[in-house]
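Here are the chains, one letter per residue:
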Amino acid sequence: MPKMWAGVTAGRTDPLADDFNSSIRFDSRMYRQDIKGSIAHAAMLTKQGILTQGEGDALKEGLTGILKDLESGALEIDLSCEDIHMFVEQELTRRIGDTGKKLHTARSRNDQVAQDLRMYLREECDEIAALIKALIKALADQAEAHKASIMPGYTHLQRAQPVSFGHHLMAYAMMLLRDLDRLSDCKKRMNISPIGSCALAGTTYDTDRRMEAELLGFDGISLNSMDGVSDRDFAVELLGVLSILMMHLSRLSEEIILWASWEFKFIDLSDAYTTGSSIMPQKRNADMAELVRGKAGRVFGGLMGLLTVLKGLPLAYNKDMQEDKEGVFDACDTVKMCLKVFAPMLASMQVRTDNMLRAAQTGFINATDLADYLVRKGLPFRSAYKISGQVVARCMAEGQVLETLPIETYREFSPLFDEDLYGEIDLKTCVDKRVSEGGTSEASVEKQIAYVRAVLDHG
Ligand code: ARG
């Protein structure tokens, strides 16, 4: 059969070329958006008197029937069609006859595909946002339970200062909150309808683009027809947002993998999210976290892929742009899977507060507080820093920690040292004293949790 687009050519292509050219294997997932878009298009054409009421009704009925049959499984997508748009039109014409051929008046596949993709991805934004929220909630719940559980905070992966595990987790909650914000911002720019741009130059028909956009829940229409059909920046932006999100999830995954190792043993992952080894019976591998870390690479790849596809394209539509879909679909699928497994994995992990505290007790992570103690007694910070360093060196040489070094030894370094220093370098004091806004004190962590929960509820 010659192609629907057979015009100046006979429309008889080599089957290999057909296969290469076709996108239906991956764009059929947009069937719902495509059909809803066509229903709105038919309504607009009818209202404008471009089609008669009878034609409009027939198109609507035909399209609604196709959607219903696809949803119920009564109708299967014909994979020999070039893409989902061609399939729907072909099926419509098969069902209602020649009127079906009138649907494509005052539009082109170029504006149609751009609109379908925007509609499809805006729904993905909503699904992903709901999953991010569930993950933030799991983080906030664990943070609440561990707002007073002391662990070493690290810089350079060297023990640095004591923090609470709750504080550490809330750092990720804040990152994810920004991911949520970026996602909603991206959706705002995405939710603009290009339909009516037609092939590239607009149309001579008296269309009502705004009506059509409104029927489909868009916030507005594109204001330049060539821009409308040419750009895929909304998909690039979504891939960018998802890449940043995956970068955050990957860092948290890396920490979970470290914390679950015997070297740290700060957490035990639930059996439900741990795998064994085929040869080593003792293994509890954090495969879920490792996979999330690995899949970040795949999402970054999608972003680079699409940027590269677009960077050299002259306006307006080029077939290269058919390559926009697989990467962004895969990124959405991947991100959703990662988020779905991450939230329950976090919620079900057991926190080994005993091991965290033990790790915090070595490594001299209260040395800054010792220096601060001297500063409060009147010493300039640089001098206090130096003395504290000498005290730490002495402890190391004698196998002591700051808490066990006798006061007489302290006095050898400075007469400003007094018995009250022991209270100041107590780990719990160190954490509770960090009352600056956003610090690790219990009150501050509580405030962070309340803020994040309020944003989730109302923001
Ligand atoms: N399958 C095509 C795509 O995904 C639809 C647009 C085709 N337009 C064209 N002029 N060949 O981009």
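Details of the structure are given in the entry above.
Residues numbered from 1 in each chain as written. Predicted model: local features only at pLDDT ≥ 70, side-chain atom pairs only at ≥ 80, totals over all residues. Heavy atoms only, no water.

> Go over the environment of Ala-173 with me, naming the residues and quoting the values.
One can find Ala-173 in helix α7 (residues 165-190). Assessed through its relative accessible area of 0%, Ala-173 is described here as buried. Along the backbone, Ala-173 and Ile-132 are 41 residues apart, and their C-alpha atoms lie at a distance of 9.6 Å. (Helix = DSSP H or I, 4+ residues; strand = E, 2+ residues; numbered from the N terminus. Buried < 20%, exposed > 50% of the residue type's maximum accessible area, 1.4 Å probe, protein only.)

> Could you give an account of the pairing of strand β2 (residues 158-164), naming the residues involved and the relevant values?
The sheet contact formed by strand β1 (residues 150-155) and β2 spans 6 bridges and is antiparallel. Bridge pairing in β2 places Ile-150 opposite Ser-164. Hairpin connection between β1 and β2: a loop of 2 residues separates the two successive antiparallel strands, and His-156 in this loop has a positive phi of roughly 55°. (Pairing = 2+ DSSP bridges.)

> Give me the lowdown on the packing of aromatic side chains, citing residues and values where you can.
This structure, assessed with the given rule, holds 8 aromatic pairs. Considering the side-chain rings of Tyr-154 and Phe-264, the 6.0 Å spacing of their centres and the 55° angle between planes classify their relative orientation as tilted. With Tyr-154 in strand β1 and Phe-264 in the loop between α10 (233-259) and β5 (267-268), this residue pair connects regions lying 110 residues apart in the sequence. Feature note: the residues Tyr-373, Tyr-410, Phe-417 and Tyr-422 constitute an aromatic cluster, connected by ring pairs. Over the aromatic face of Phe-218 sits the side chain of Arg-122, whose NZ or CZ is 4.6 Å from the ring centroid. Lying over the aromatic face of Trp-262, Lys-265 brings its terminal NZ or CZ to 4.8 Å of the ring centre. (Phe/Tyr/Trp six-rings, centres within 6.5 Å; stacked < 30°, edge-to-face > 60°. Lys NZ or Arg CZ within 6 Å of the ring centre and 35° of its normal.)

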